[in-house]
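This is what each chain is made of:
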Amino acid sequence: MADIIQLLPDHVANQIAAGEVVQRPASVVKELLENAIDASATIIKLIIKDAGKTLVQVIDDGKGMSVTDARLSFERHATSKIRTADDLFQLNTKGFRGEALASIAAIAHVELKTKQENEDVGTRIEIEGSTVNSQEVVVTPKGTSISVKNLFYNIPARRNFLKSNTVESRHIIDEFHRVALAHPNISFVMFHNGSESFNLPESNYRQRIVNIFGTKTNEKLVPVDEDTEVLKISGFVGKPEFAKKTRGEQFFFVNDRFIKSAYLNHAIGSAFEGLLKDGTHASYFLNLTVNPQTIDINIHPTKTEIKFNDEHTLYAILRSSVKHSLGQFNIAPVLDFERDANLDTPYSYQQKGSPSIEVDRSFNPFQEKQISGKQTTAFKKQTAGNWDSLYVGLESKGTQTQQDFKEVSFESDTKNESIFDNDNQVEQKQSTYQFRNKYIVSTIKSGMLLIDQHRAHQRVLYEDFLKNMTIKEAMSQQLLFPLQLHFSPQEIEIINQLKTDLEHSGFIFQTIKGELVEISGVPVSVPESEVSIILEQLISDVENEVPDSNFSATDLLAKSLAKSLAIKTGQSLTIMEQEHLVNSLFACKEPNVSPTNRTTFVTMTVDELDKKFV
Ligand code: ADP
Ligand code: MG
């Protein structure tokens, strides 16, 4: 038989290698920025068009390249950064594989302009799909400019796979942040579609963080400094009261290189133990310096993962120095020791049986309360004693029908609120009356109560959703056929932002792809026919809310869902439903006002009534 093995042509090999190095425009951004830093640039400019799909350009004032180096830089395994395998363990540069430029040139239209300090003229090279189209002498400032156009132009499958511009820009901004945070001593400017998105002058670390994340960040930062033989730590952690629901502001840099480490992240988490509200994450901006010989950064092609020789020691040092800083900067007083720790204990700690502290004073997700029979969830079955059933319930979700939940709610509804006239309850006679399908009239010890049914029910649902989202365990009803809903890219972006909270409130998303959302489960309180209206309402609520740093997606979501689902004015209610509503309202944390701060009920005492009859 004839020989069948052939060597792949270079451009094919480069395209394959490109798949590893370049996943999306943000990967190009990272590689080009890192090259500029390795070239000792002091000012780096990043120019982006269409989320990098049309153009990624990096201009630096670094040392530039000679004519020969300029040409060689696009060859595979061409690097000026290591000479022998041993050098890998002494790395002080970002690059070392010599793959980035070759890979990028294999899948894009690339133009390089570069000039070294003492030369009069520089070199310009145009390369496209690994083929050099032109090389010429050019007048250009000292340093290097590389523009990468039409990424994946020759791999349509990859190009189509790119996400929306919003998502791709997010990735680019993330990379930009990482590089800029690791190098506060370098100026960075970023332009997107012609407008300046960031202008970061050379500064100290704190200023760099503030310049990126906003002036308000300044007061949140607690410095961390530690110098030991094996590890030097510098940087900041965020005060616990500013902890976020998202993990956005968590940065580790090891020897000036951004890394991800679940293990070290855990060390921070444990230093913050007891200080954070459940479901929130500490922010941190920490620079770790270790001997390069004790780490291996070569284990991942995109180089955000790292192997440490002695992880356990690093963990312990990191944990104790963060703890120390939190203690030293007097973080403790934000804690509230007066509350009943049993009631407040978050689930994760309850499982471990250890005491813990709830920082949020206004909201207790574990308080038992009644819910209207119409819109109930299975949650009310939970009591402090059967935590386990929550988890079981989650697994078996979908097998129960809405009907089951209705029954559950009626059985368990045995609330005796002391605010109500006890005589009435003994006699078991009708204690509520619906007036004009708008108000519910009831008696209390001191007199009479008038409740706005729509506002009251909003309050009940609002607290219920908030509770579910906080403890992240809501019951879903599985849909027989997944719902397919279409949204604009901008709306999809919003849904993606809210996805986690929506899931915690009981939505199950099968896919969110392109402009299509497939939903296979909804909260038990949401009728299938209303899902699309509810989501639209939610999106418009989010769009109309002025986004600022205090903007809480969870709160907004709970409000919006409550508004959509609450019993409307004009809806007639059975006696049972009226009673449920009244009971549920007074089991709320803040029964007096609706989620939008409107009065939910008024009272009139017997005295006041008597006065009217003089
Ligand atoms: P690596 O960074 O792993 O060495 P790259 O493909 O990213 O590989 O770059 C290849 C080489 O091209 C680098 O080693 C460097 O010598 C040179 N180079 C790339 N970008 C620049 C730049 N902005 N300024 C100066 N030299 C550069
Ligand atoms: Mg490189």
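Just so we're clear, the structure is a prediction, and the values are computed from it rather than from any experiment.

(A) Structural detail: empty space enclosed by the protein. Inspection of the entire model under this criterion finds five cavities of 30 Å³ or more. Its boundaries defined by the atoms lining it, the largest cavity holds a volume of some 120 Å³. In terms of lining, the largest cavity is formed by 15 residues, of which the most central are Lys30, Glu34, Arg178, Val179 and Phe258. At the level of elements, α2 (25-38), α6 (165-182) and β12 (257-259) are the ones that each hand at least two residues to the lining of the largest cavity. The element contributing the most residues to the lining of the largest cavity is α6, with four residues.

(B) Focus on the sheet that holds strand β22 (residues 601-605). Spatially, four strands are ordered β16-β17-β18-β22 in an open sheet, and the strand pairing comes out antiparallel. What marks the edges here is a single partner per strand, and that holds for β16 (432-435) and β22. For this sheet, the mean inter-axis angle between neighbouring strands, taken without regard to orientation, is 25 degrees. With six bridges connecting them, strand β17 (residues 439-444) and strand β18 (residues 447-452) associate as antiparallel partners. Bridge pairing in β18 links tyrosine 439 to aspartate 452. Where helix α15 (residues 453-471) meets the sheet, its contacts fall on β16, β17 and β18, and the angle it forms with β18 comes to roughly 80 degrees. The strands touched by helix α19 (residues 575-586) are β16, β17, β18 and β22; relative to β16, the strand with the most contacts, the crossing angle is about 100 degrees.

(C) Spatial organisation of the layout of surface pockets. In this structure, the second largest pocket encloses a volume near 740 Å³. Along the walls of the second largest pocket sit 34 residues, with Asn35, Met65, Ser73, Ser80 and Lys81 positioned nearest its centre. Contributing elements (two or more residues each) for the lining of the second largest pocket: α2, β2 (55-60), α3 (67-72), α4 (100-106) and β6 (143-149). For the lining of the second largest pocket, the residue count by class is 14 nonpolar, 10 polar and 10 charged.

(D) Structural context of the site of ligand 1. Around ligand 1, the surrounding shell holds 18 residues, and the nearest of these are Asn35, Thr79, Ser80, Lys81 and Gly98. Measuring from an oxygen atom of ligand 1, one finds a side-chain N or O atom of threonine 79 at 2.5 Å. For ligand 1, an oxygen atom lies 2.9 Å from a polar atom in the backbone of leucine 101. When the free accessible area of ligand 1 is taken as 530 Å², the share hidden by the protein chains comes to 92%.

(E) Representation of α19. Taking 1.5 Å as the rise per residue, α19 with 12 residues should run 16 Å; its terminal C-alpha atoms sit 17 Å apart, in good agreement. Here α19 lies mainly inside the structure; nine of its 12 residues are buried. Inspection of α19 places Glu577, Gln578, His580, Leu581, Val582, Asn583, Ser584, Leu585 and Phe586 among the buried residues, and these make up the whole buried set.

(F) The sheet that holds strand β11 (residues 250-254), seen in detail. Spatially, β9-β10-β13-β11-β12 is the arrangement adopted by the five strands of the open sheet, whose pairing is mixed. Of all the strands in the sheet, just β9 (221-227) and β12 have a single pairing partner and so form its edges. Here the average twist between neighbouring strands, direction ignored, is 20 degrees. Where β11 lies against β12, three bridges are found, and the strand directions are antiparallel. Paired with phenylalanine 252 across the two strands is isoleucine 259, which belongs to β12.

(G) Structural context of the packing of helix α8 (residues 262-271) against helix α9 (residues 311-328). Running from N to C, α8 and α9 point in directions that differ by 30 degrees, and their axes come no closer than 8 Å. As for how α8 packs across α9, the hand of that crossing is right-handed. For the pair α8 and α9, the contacting residues are Tyr263, Leu264, His266, Ala267, Ile268, Ser270 and Ala271 in the first and Glu311, His312, Leu314, Tyr315, Leu318, Arg319, Val322, Lys323 and Leu326 in the second. Among the residues forming the contact of α8 with α9, the class breakdown is 10 nonpolar, three polar and three charged.

(H) Examining the confidence of the model for the protein more closely. Residues at a pLDDT of 70 or more form 79% of the protein, whose mean pLDDT is 79. Predicted confidence is poor over residues 332-419, with pLDDT under 50, and the contacts of this stretch with residues over four places away or in other chains come to 162 contacts. Considering only residues more than four positions removed or in separate chains, one finds that residues 422-427, a stretch of pLDDT under 50, has six contacts.

(I) View of the pattern of salt bridges. Evaluation of the coordinates by the stated rule reveals 12 salt bridges. Here glutamate 136 and arginine 124 are joined by a salt bridge, their closest N and O atoms 2.9 Å apart. Linking glutamate 136 in strand β5 (residues 131-138) with arginine 124 in strand β4 (residues 122-128), this pair joins segments that are 12 residues apart in sequence. When its relative accessible area of 37% is taken as the criterion, glutamate 136 is described as partly exposed. Of the residues examined, arginine 124 reaches a relative accessible area of 15% and is grouped as buried. Residue lysine 559 pairs with aspartate 555 through a salt bridge whose shortest N-O separation is 3.0 Å. You can see lysine 559 and its partner aspartate 555 sitting in helix α18 (residues 553-565), four residues apart, about one turn around the helix. For lysine 559, a relative accessible area of 27% translates into the label partly exposed. One network of salt bridges, in which partners are shared, links Glu111, Arg124, Glu126 and Glu136.

(J) Quick look at α18. Between its first and last C-alpha, α18 extends 18 Å over 13 residues, near the 18 Å set by a 1.5 Å rise per residue. For α18, the set of buried residues is Thr554, Leu556, Leu557, Ala558, Ser560, Leu561, Ala562, Ser564 and Leu565.

(K) Highlighting the pairing of β11. With five of five residues buried, β11 lies mostly within the body of the structure. Residue alternation in β11 divides its side chains into two sets, Gln250, Phe252 and Val254 and Phe251 and Phe253, and both sets are buried. Examined bridge by bridge, β11 and strand β13 (residues 284-289) share five bridges and lie parallel to one another. Its bridge partner being in β13, phenylalanine 253 is matched across the sheet by asparagine 287. Here β11 folds back onto β12 in antiparallel fashion, the turn holding two residues, of which asparagine 255 has a positive phi close to 45 degrees.

Scoring rules and cut-offs
- For every chain, the first residue of its written sequence is number 1, and the numbers climb from 1 along that sequence.
- Labels follow written order: the first chain is A, the first ligand is 1, and so on.
- Residue-level local features of this predicted model are given only where pLDDT is at least 70; pairs of side-chain atoms are given and counted only at 80 or more, and the full residue set underlies all totals for whole chains, interfaces and linings.
- Only hydrogens and water are set aside; all other atoms, that is, all heavy atoms of the structure, feed into the side-chain values.
- Using a 1 Å grid laid over the protein atoms alone, points where a 1.4 Å probe fits but cannot get out form a cavity; open sets with protein on both sides within 12 Å along at least 5 of 7 lines form a pocket; any residue with an atom within 4 Å of a point counts as lining.
- Grid points are joined across faces, edges and corners, and a volume is the space filled by probe spheres set on the points.
- Only DSSP runs of H or I covering at least 4 residues are called helices, and only runs of E covering at least 2 are called strands; the numbering of each starts at the N terminus.
- Pairing between two strands requires that DSSP report at least two bridges joining them.
- Think of each axis as a best-fit line through the C-alpha atoms, taken over the contacting stretch in the case of a helix, with angles from 0 to 180 degrees between the N-to-C directions.
- What makes two residues a contact is simply this: any of their non-hydrogen atoms within 4.5 Å.
- By the convention adopted, Pro, Cys, Tyr, Trp, Phe, Met, Ile, Leu, Val and Ala count as nonpolar, Lys, Arg, Asp and Glu as charged, and the other residues, Gly among them, as polar.
- Residues are labelled near a given molecule or strand when at least one of their non-hydrogen atoms is within 4 Å of it.
- Residues adjacent in sequence count toward polar contacts only when both atoms are side-chain atoms; beyond that, a polar contact is any pair of N or O atoms within 3.5 Å, and within protein one must be able to donate a hydrogen and the other to accept it.
- Using the Shrake-Rupley algorithm and a 1.4 Å probe, accessible areas are obtained, with residue cover drawn only from the displayed protein chains.
- A helix's residues, less one, multiplied by 1.5 Å, set its expected span.
- Three exposure classes are used, based on accessible area relative to the maximum for each residue type with a 1.4 Å probe and protein chains only: buried under 20%, partly exposed in between, and exposed over 50%.
- The handedness criterion is simple: a crossing whose near helix is rotated anticlockwise from the far helix by less than a right angle is left-handed, and one whose near helix is rotated clockwise is right-handed.
- Here pLDDT means the predictor's own confidence in every residue, given as a number from 0 to 100.
- One speaks of a salt bridge when a side-chain nitrogen belonging to Lys or Arg is within 4 Å of a carboxyl oxygen belonging to Asp or Glu.

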